[in-house]
Amino acid sequence: MADFRAIAADTLEKVEGYTASGDWKPWKTSKGMEIVYKDSSDFKGKVYKTMYELDASPERILDLIWDLEKHQKWETALRGGMENVEEIDENLKVIRSISAPLLKGLVSARDFIDLLGYKRYLDKKLILLYWRGVEHSKYKDHVKGCVRGSTYPSAIYLYSVDGNPNKTRGVNIFQLEGHLFPKSLTEKFMPNLQFDWYEDLTKAL
């Protein structure tokens, strides 16, 4: 059985390494978000860093992401649904999420089995959500109609803004392999997911 707590600790270390690193290249600024990117050290692809602000407290945003029943109602990319697969403890669990087919069915639905957790850093006024792909016995085999995607260490940093408890400064670290071909389609499609995510979350607040 996988040591999910050890995987969680390693994920935190990796996302903190990305956050502290330099050499990011500009990709796009739009819809209130700035996106930069660099080569991933976890797979042969890109890792994206997005920066934005939201008109809600970090706790409110945490609730909308962590509670899967609420989450699947607002994130349009996950119209296929979300499921709690296994609860490790109160702030660590294994989840399954399913994307909707794209391009009128030319791109099949993707499913992801991820370890999702969060931590509070009171000294930094920060809530950190983090996740990465894992294997789980319940979904050892691929599900018919879905292509299994791979998530690499990713995170959402939610900083409370001084003097305004109902405002959050966010930083996302995002990297996944959706197995889209050609590779140029992947590199165009993945960053756009972040714009859609931000727009969906803004509407839900």
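As a reminder, the structure under discussion sits directly above these lines.
Below you will find a few notes about this structure. (Residues numbered from 1 in each chain as written. Predicted model: local features only at pLDDT ≥ 70, side-chain atom pairs only at ≥ 80, totals over all residues. Heavy atoms only, no water.)

Comments concerning the packing of aromatic side chains
Rule in force here: A pair of Phe, Tyr and Trp rings is counted when the ring centres sit within 6.5 Å of each other, with Trp represented by its six-membered ring. The angle between the planes then sorts it: under 30 degrees is stacked, over 60 is edge-to-face, the rest tilted. We count a charge as sitting over a ring when the NZ of a lysine or the CZ of an arginine lies within 6 Å of the ring centre and within 35 degrees of the ring normal.
In the structure shown here, the tally under the stated rule is 8 aromatic pairs. One aromatic cluster is present, built from ring pairs that chain together Tyr52, Trp74, Trp197 and Tyr198. Above the ring of Trp66, the side-chain terminus of Lys93 is found at 4.0 Å from the ring centroid. Taking the ring centre of Tyr139 as reference, the NZ or CZ of Arg96 above it sits at 4.6 Å.

Structural notes on the environment of Thr11
Quick reminder of the rule: Secondary structure elements are defined from DSSP: runs of H or I of at least 4 residues count as helices, runs of E of at least 2 residues count as strands, and each element is numbered from the N terminus.
With respect to the helices, strands and loops of the structure, Thr11 is situated in helix H1 (residues 4–20). A C-alpha to C-alpha distance of 7.3 Å links Thr11 and Tyr130, two positions 119 residues apart in sequence.

Side note on unusual backbone geometry
At Lys31, a position not held by glycine, the phi torsion is positive, near 55°. Residue position: Lys31 is located in the loop between strand S1 (25–30) and strand S2 (33–39). Unusually for a residue other than glycine, Lys125 sits at a positive phi of about 50°. In this fold, Lys125 is placed in the loop between strand S6 (109–121) and strand S7 (126–133).

Quick notes on the side chain of Asp114
Which entries qualify depends on this criterion: Per-residue accessibility, obtained with a 1.4 Å probe over protein chains only, is compared with the maximum for each type, and a residue is labelled buried under 20%, exposed over 50%, and partly exposed between these values. As used throughout, the charge tally considers Lys and Arg to be positive and Asp and Glu to be negative, leaving His and the chain termini uncounted. Salt bridges are defined as contacts in which a side-chain nitrogen from Lys or Arg sits within 4 Å of a carboxyl oxygen from Asp or Glu. In protein, a polar contact means a hydrogen-donor-capable atom and an acceptor-capable atom, both N or O and within 3.5 Å, with residues adjacent in sequence counting only if both atoms are side-chain atoms; elsewhere, any N or O pair within 3.5 Å suffices. Two residues qualify as a contact provided that any one of their heavy atoms is within 4.5 Å of a heavy atom in the partner residue.
Relative to the helices and strands, Asp114 is located in strand S6. With no salt bridge to any partner, buried Asp114 finds its closest opposite charge in Arg132, at an N-O distance of 8.3 Å. Of the polar contacts made by the side chain of Asp114, one reaches the backbone nitrogen of Gly133; its length is 3.4 Å. Asp114 has contacts with Lys93, Val94, Ile95, Ser97, Trp131, Arg132, Gly133, Val134 and Thr151, leaving out every residue within four places of it along the chain.

Topic: the side chain of Asp111
Locating Asp111 in the fold gives a position in strand S6. Polar side-chain contacts of Asp111 include one of 3.2 Å to the side chain of Arg96. What Asp111 contacts, discounting residues up to four positions off in sequence, is Arg96, Ser97, Ile98, Val143, Cys146, Val147, Arg148 and Gly149.

Focus on the pattern of salt bridges
This model, assessed by the stated rule, comprises 14 salt bridges. Residue Lys14 pairs with Asp42 through a salt bridge whose shortest N-O separation is 3.1 Å. Here the residue Lys14 occupies a position in helix H1, and Asp42 occupies one in the loop between S2 and strand S3 (46–54), the gap between them amounting to 28 residues. Judged by relative accessible area, Lys14 falls into the partly exposed class, the value being 31%. Its salt-bridge partner being Glu53, residue Lys167 comes within 3.8 Å of it at the nearest N-O pair. Residue Lys167 is found in strand S11 (residues 164–174), and its partner Glu53 is found in strand S3; the two are separated by 114 residues along the sequence. Taken together, the salt bridges that share partners define one network made up of Asp10, Lys14, Asp42 and Arg132.

Brief notes about the layout of surface pockets
What counts here: Lining residues are those with an atom within 4 Å of a point, where the points come from a 1 Å grid over the protein atoms alone and group into cavities, where a 1.4 Å probe fits but cannot get out, or pockets, open sets with protein on both sides within 12 Å along at least five of seven lines. Grid points are joined across faces, edges and corners, and a volume is the space filled by probe spheres set on the points. Polarity classes work like this: nonpolar for Ala, Val, Leu, Ile, Met, Phe, Trp, Tyr, Cys and Pro, charged for Asp, Glu, Lys and Arg, and polar for all others, with Gly in that last group.
The volume enclosed by the second largest pocket comes to roughly 200 Å³. As for the second largest pocket, its lining consists of 13 residues, of which Ile113, Val134, Glu135, Tyr139 and Arg148 are closest to the centre. Tallied by class, the residues present in the lining of the second largest pocket amount to 3 nonpolar, 6 polar and 4 charged.

Some points on H1
Operational definition: Between the first and last residue of a helix there are one fewer steps than residues, each counted as 1.5 Å, and that sum is the expected span. Directions pointing from the helix axis toward each C-beta atom define the arc.
For H1, spanning 17 residues, the distance from its first C-alpha to its last is 24 Å, which sits close to the expected 24 Å at 1.5 Å a residue. Taken together, the buried positions of H1 are occupied by Phe4, Ala8, Thr11, Leu12, Val15 and Tyr18. Viewed end-on, H1 has its buried residues packed into an arc of 130°, placing them on one side of the element. Of the residues in H1, the exposed ones pointing more than 90 degrees away from the buried face are Glu13 and Ala20.

Focus: the nonpolar core
Going by this rule: In this text, buried Ala, Val, Leu, Ile, Met, Phe, Trp, Tyr and Cys residues form a nonpolar core when linked through side-chain atoms within 4.5 Å.
Judged by nonpolar contacts, the single largest core of 32 residues is most densely connected at Tyr52, Leu129, Ile156 and Trp197. Of all the secondary structure elements, the ones that give two or more residues to this core are S2, S3, helix H2 (58–66), helix H3 (68–74), S6, S7, strand S10 (154–161) and helix H4 (183–204). With 6 residues, H4 is the largest single contributor of residues to this core. Setting aside chain neighbours within four positions, we find Trp197 in contact with Tyr52, Ile65, Trp74, Glu75, Ile156 and Asn172. In this structure, Ala8, Tyr121, Ala155 and Tyr159 belong to the second largest nonpolar core, which totals 25 residues.

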